[in-house]
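# A structural walkthrough
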Amino acid sequence: MSPSVKRPPGPRGKLFLGSLPERRSRPLKLYMDGALDHGDVVFYKMGPLNVYLLNGPDHIKHVLQDNQKNYFKGVGYETLEPALGNGLLLSDGDFWRRQRKLSQPAFHRQRLTGFATRMAECTSEMLARWSAQAERGERVDVAREMMRLTMGIVSRTLLTTDVSGEADAVGEALARLLEETNKRLLSVLRLTKLPTRRNLQFNRDLKLLNDLVYKIIREK
């Protein structure tokens, strides 16, 4: 940032650490409060890093569309790669453009119309299941049901193979993976190669997801 440019408003945070403790414990509240209290552009001090939150549509368009060649995905994304791979979410530059070109046919307007039909079918099946459970006086675990619905929609529309029956195991593994990835992202020391309990669990969860993908590929 140029010395002549005024820094955007933002929370004061703590000495040296800034807003890092809140980012660790309550990230959604930190960013929501920042947007509500300080507007479309919010500045955060996160330890040694300067972080900017953009909320205004014009600012987001400036970064993601009009000037996207001036920006890259940034610090910390390498920590996400073990769990999320090197797909569209994490890749940059020419590699990202090649991946986007390969995936674009899957999101053609005509295919999206077909997706809507499958989404409605999966949702109707879920509601019918809920009605039967309600008649029996059973409780419904909404978080688990939403994971099952999501997996059903994704697998039927994009993978042409229904893996919704794996939703419970996948949902639990995915939740642990994302939680551990977030901890690694905020850690000063990333000892990911040591055979600690957390690292071993991370590897088991990752293997479960990879095995499911291989299963889908074999069935296709």
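Check the entry above for the structure.
Scope of this entry: the structure provided in the associated data block. Given the structure is predicted, the values throughout are model-derived calculations rather than measurements.

### Here we look at the overall build of the protein
Counting its secondary structure elements, the protein contains 9 helices and 2 strands. Start at the N end of the protein and walk to the C end: the helices and strands fall as α-α-β-β-α-α-α-α-α-α-α. Dimensions along the principal axes, computed over C-alpha positions, put the protein at roughly 60 × 45 × 40 Å. Expressed as a percentage of the 220 residues in the protein, the buried residues total 25%. The contacts of the protein with a sequence gap of at least 6 include a subset with a gap of at least 24, amounting to 46%. When the accessible surface of the protein is summed, it comes to about 15,800 Å², and 58% of that surface belongs to carbon and sulfur atoms. Between the centroid of the 37 positive side chains of the protein and the centroid of its 25 negative side chains there is a distance of 6 Å.

### Quick look at the layout of surface pockets
Looking at the largest pocket, its volume works out to about 1,800 Å³. Every residue lining the largest pocket is counted, 41 residues in all, and those nearest its centre are Phe 72, Lys 73, Gly 74, Val 75 and Tyr 77. When residues of the lining of the largest pocket are traced back to their parent elements, those giving at least two are α1 (20-25), β2 (49-54), α3 (57-66), α4 (77-84), α5 (93-103) and α8 (167-185). Of the residues forming the lining of the largest pocket, the biggest block, 6 residues, is contributed by β2. Looking at side-chain class alone, the lining of the largest pocket contains 25 nonpolar, 10 polar and 6 charged residues.

### Structural notes on the environment of Ala 128
Its location among the elements puts Ala 128 in helix α6 (residues 109-135). Spatially, the C-alpha atom of Ala 128 lies 54 Å from that of Arg 7, the residues being 121 residues apart in sequence.

### Notes on the pattern of salt bridges
As enumerated under the stated definition, the model contains 10 salt bridges in all. In this structure, the salt-bridge partner of Glu 180 is Arg 198, at a minimum N-O distance of 2.9 Å. Taken as a pair, Glu 180 in helix α8 and Arg 198 in helix α9 (residues 197-219) lie far apart in primary sequence, 18 residues in all. For Arg 198, a relative accessible area of 38% puts it in the partly exposed group. Connected through shared salt-bridge partners, Glu 180, Arg 184 and Arg 198 make up one network.

Cut-off values and rules
- Residues numbered from 1 in each chain as written.
- Predicted model: local features only at pLDDT ≥ 70, side-chain atom pairs only at ≥ 80, totals over all residues.
- Heavy atoms only, no water.
- Helix = DSSP H or I, 4+ residues; strand = E, 2+ residues; numbered from the N terminus.
- Buried < 20%, exposed > 50% of the residue type's maximum accessible area, 1.4 Å probe, protein only.
- Contact = heavy atoms within 4.5 Å.
- Areas by Shrake-Rupley, 256 points an atom, 1.4 Å probe, with all protein chains shown as cover.
- Lys, Arg positive; Asp, Glu negative; His and termini not counted.
- Charge placed at Lys NZ, Arg CZ, Asp CG, Glu CD.
- 1 Å grid on protein atoms, 1.4 Å probe; cavity = no way out; pocket = protein on both sides within 12 Å on 5 of 7 lines; lining within 4 Å.
- Points joined across faces, edges and corners; volume = space filled by probe spheres on them.
- Nonpolar A, V, L, I, M, F, W, Y, C, P; charged D, E, K, R; others polar.
- Salt bridge = Lys/Arg side-chain N within 4 Å of Asp/Glu carboxyl O.

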